[in-house]
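# Tertiary structure, described
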Amino acid sequence: MIQSPEHIKNIKPYAPGKPIEELERELGIAHPVKLASNENPVGPSPLAVRALRKRISDLNRYPDGSCHCLGSALSGKLQVRSDEILFGNGSNEIIELAVRTFLSPGDEAIMAHPSFVVYSTIVQAAKGKGIIVPLKDLRHDLDAMASKITNRTKIVFIANPNNPTGAINTKTEMDSFMKKIPEGALVVIDEAYFEYVVSPDYADSMKYFRQGRDILILRTFSKIYGLAGLRIGYGIAKKELIAEMNKVRQPFNVNSPAQEAALAALDDEKHIEKSRKINERGKKYLYKEFRSLNINYAPTEANFIYMTFEDDIVNQLYNDLLKQGVIVRPMGPRAIRVTIGLPGENKKLVEALRKILNSYNFFI
Ligand SMILES: Cc1ncc(COP(=O)(O)O)c(C=O)c1O
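The numbers attached to residues start from 1 for each chain and follow its sequence in the written order. Totals for whole chains, interfaces and linings use every residue, but because this is a predicted model, local features are given only for residues with pLDDT of at least 70 and side-chain atom pairs only at 80 or more, for both listing and counting.

### Some thoughts on the overall build of the protein
Per the convention used, a helix needs a DSSP run of H or I reaching at least four residues, while a strand needs a run of E reaching at least two, with both numbered from the N terminus. Within the protein one finds 14 helices and 13 strands. Here the globule rule reads 2.2 Å times residues to the power 0.38, and the radius of gyration is calculated from C-alpha atoms. Relative to its length of 364 residues, the protein is compact, with a C-alpha radius of gyration of 21 Å against a globular reference of 21 Å. Dimensions of the protein, computed from the C-alpha atoms along their principal axes, are close to 60 × 55 × 50 Å. Restricting to contacts in the protein with at least 6 residues of sequence separation, those with at least 24 account for 73%. A residue pair is marked as a contact if its C-beta atoms, positioned from the backbone, fall within 7 Å.

Pasting the structure below:
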């Protein structure tokens, strides 16, 4: 049998959140609640759904490989030129395109831990060297990350807000970090949860883009727009960088229903506002309930909350929650990430946690 090279053999496969259907099949649980993948619990933008229905009969045609209509609309909204935007099959694909375009085997990419695991997988697949910098107080330690830059560093990944902790890096921190970035290194600022952020201290990454820096800003339609199933995200960078990445991408990487739905969702202010409100309310409710359950949690700027425990209870807790019909995301033996759901879903989570933690004598 053909063998994959060592750098591929050593990749740890990505473990997605457990699908609802799988839990229904395995444990026979009807209507489980999935709070494992940071999806929008409100659902897709209704305007996007309507737009999709209209276009469904065109599926025999290839999509517009340049995403022209969506690109023009986004360019107007963001006040950037169309050739400064690149669309991908989810923002995941843009991460992959950036790595395949700018990183040669043996080059280094700096990333935090824990952060979005896809960065390290893709770097490893490209035979690059991932330089891992632990978070400090659950946030990117930007000073430590900058100190790791060498002349082999091609990419620095910053998830802002960070997944899984939900924490942000501030304007001041990012300003000082950007000053330390030498020519020849690309800063990828992953803003998958941008639309959920409420903190006034949130760094304005577009400022660095306007300064002509080597940065790539990532955003997605998978989160607040509720279109995770369609796979569409985008990157913003100066046109020379976009042109290089365009050479590497598949010609029809974004399907036509995704383009159509994203175009409609972009202007669905009502859906965005509703989603943000439900997230804020859910956040406050969960904070209050977690406090009453003595659960440590990190304040979040995204649509998920990171809980930490002092003992290795997470494996057991995850399985016990599954039996109660609640799917969360374990993050090692002492942490769980939970997506903020609809009020009823949050309540189901809290009730399940109360029951299970009580049975462990978790209360002090
Ligand atoms: C930080 C971060 N970046 C990127 C993504 C990828 O999103 P998508 O490929 O759906 O756009 C996710 C998804 O969970 C994420 O959490």
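### Some thoughts on the sheet that holds strand S9 (residues 296–298)
Read from one edge of the open sheet, four strands run S9-S10-S13-S12, paired in antiparallel fashion. The two strands at the open ends of the sheet, each matched to only one other strand, are S9 and strand S12 (329–330). Strand pairing follows a simple DSSP-based rule, namely that at least 2 bridges must link the two strands. The pairing of S9 with strand S10 (residues 304–308) spans three bridges and is classified as antiparallel. The partner of Tyr 297 across the bridge, within S10, is Met 307. A fitted line through C-alpha atoms represents every axis, and for helices the fit uses only the stretch in contact; the resulting angles, taken between N-to-C directions, go from 0 to 180 degrees. Where helix H13 (residues 314–323) meets the sheet, it contacts S12 and strand S13 (335–339), and its direction lies at approximately 30° from that of S13.

### A word on the nonpolar core
Residues Ala 98, Ile 155, Phe 157, Val 188, Leu 216, Leu 227 and Ala 262 are the most contacted members of the largest nonpolar core, which totals 91 residues. Domain limits in this description derive from either an automatic procedure or a database domain assignment. Composition of this core by domain shows at least three residues from each of domain 1 (17–43 + 270–359) and domain 2 (46–266). Sequence-distant contacts of Ala 98, defined by excluding residues within four places in its chain, comprise Ile 155, Leu 186, Val 188, Leu 216 and Met 245. In this usage, the nonpolar core is the set of buried Ala, Val, Leu, Ile, Met, Phe, Trp, Tyr and Cys residues whose C-beta atoms join them within 7 Å. Partly exposed residues are those whose C-beta has more than 12 but fewer than 20 other C-beta atoms within 10 Å; 20 or more makes a residue buried and 12 or fewer makes it exposed, with C-beta atoms placed from the backbone.

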